[in-house]
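Chain and residue survey
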Amino acid sequence: MGARTGDLQAFDLLVAHFQDAVVGAAVCALGSFEDAQDIAQETFIQAWRDLPSLRDESCFPSWLLQIARHRCQDHLRRPHHRELPVADPVQEAEGAPGDWAQQAAPAQLRDQVLSAISQLSEPNRLATTLFYIDGYSIAEVAGLLAVPPGTVKRRLHESR
């Protein structure tokens, strides 16, 4: 792994390959896409710094997700100051009122799916997000989570 020796291009390839998994894991833990993006950035910065200490390169995916989990836990412990949006999305919608309803339907469905996923146990939530939302295969999810493929299948079955 050239990234371990400081090869930034090699690390960029790792970021490109694992970015969706890290963001997906953070969304599962935090419930916020914006916060998840921040956590992903922090995760990759820490991974870059700590990569020389990784003993077994084959453990990189699960090691990276472990960093993301720790970052999420730290984030959840911090007090947050969120600003509420000032604009009213109904007033900003273009077109007739029926157009807004059609635009809102996919957002409502997305919110319902994310709400249902958030009700799952952490292992099932993570497997479900990586497989159904991020599009990883069962084998890839198993590698990322460092569990057998059968465990991933069971988690997905329980989630459904």
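See the structure shown above.
Note that the coordinates shown come from a computational prediction; the quantities given were computed from them, not determined experimentally. (Residues numbered from 1 in each chain as written. Predicted model: local features only at pLDDT ≥ 70, side-chain atom pairs only at ≥ 80, totals over all residues. Heavy atoms only, no water.)

On to the environment of leucine 54, then. Secondary-structure assignment places leucine 54 in the loop between helix 2 (33-50) and helix 3 (60-77). The class of leucine 54 is buried, set by a relative accessible area of 7%. In this structure, the C-alpha to C-alpha distance between leucine 54 and arginine 4, residues 50 residues apart in sequence, is 8.2 Å. (Helix = DSSP H or I, 4+ residues; strand = E, 2+ residues; numbered from the N terminus. Buried < 20%, exposed > 50% of the residue type's maximum accessible area, 1.4 Å probe, protein only.)

Let us now look at the side chain of threonine 129. Mapped onto the elements of the fold, threonine 129 is located in helix 6 (residues 122-133). Among the polar contacts listed, one links the side chain of threonine 129 to the backbone oxygen of arginine 125, at a separation of 2.9 Å. Not counting the four nearest positions on each side in its chain, threonine 129 is found in contact with Gly24, Cys28, Ile117 and Asp134. (Polar contact = N/O pair within 3.5 Å; in protein donor to acceptor, adjacent residues only side chain to side chain. Contact = heavy atoms within 4.5 Å.)

Below, the discussion takes up the environment of alanine 40. Tracing the chain through its elements places alanine 40 in helix 2. Alanine 40 sits in the buried class, given a relative accessible area of 5%. In this structure the C-alpha to C-alpha distance between alanine 40 and valine 23, which are 17 residues apart in sequence, comes to 5.6 Å. Apart from residues lying up to four places away in sequence, alanine 40 is in contact with Val22 and Val23.

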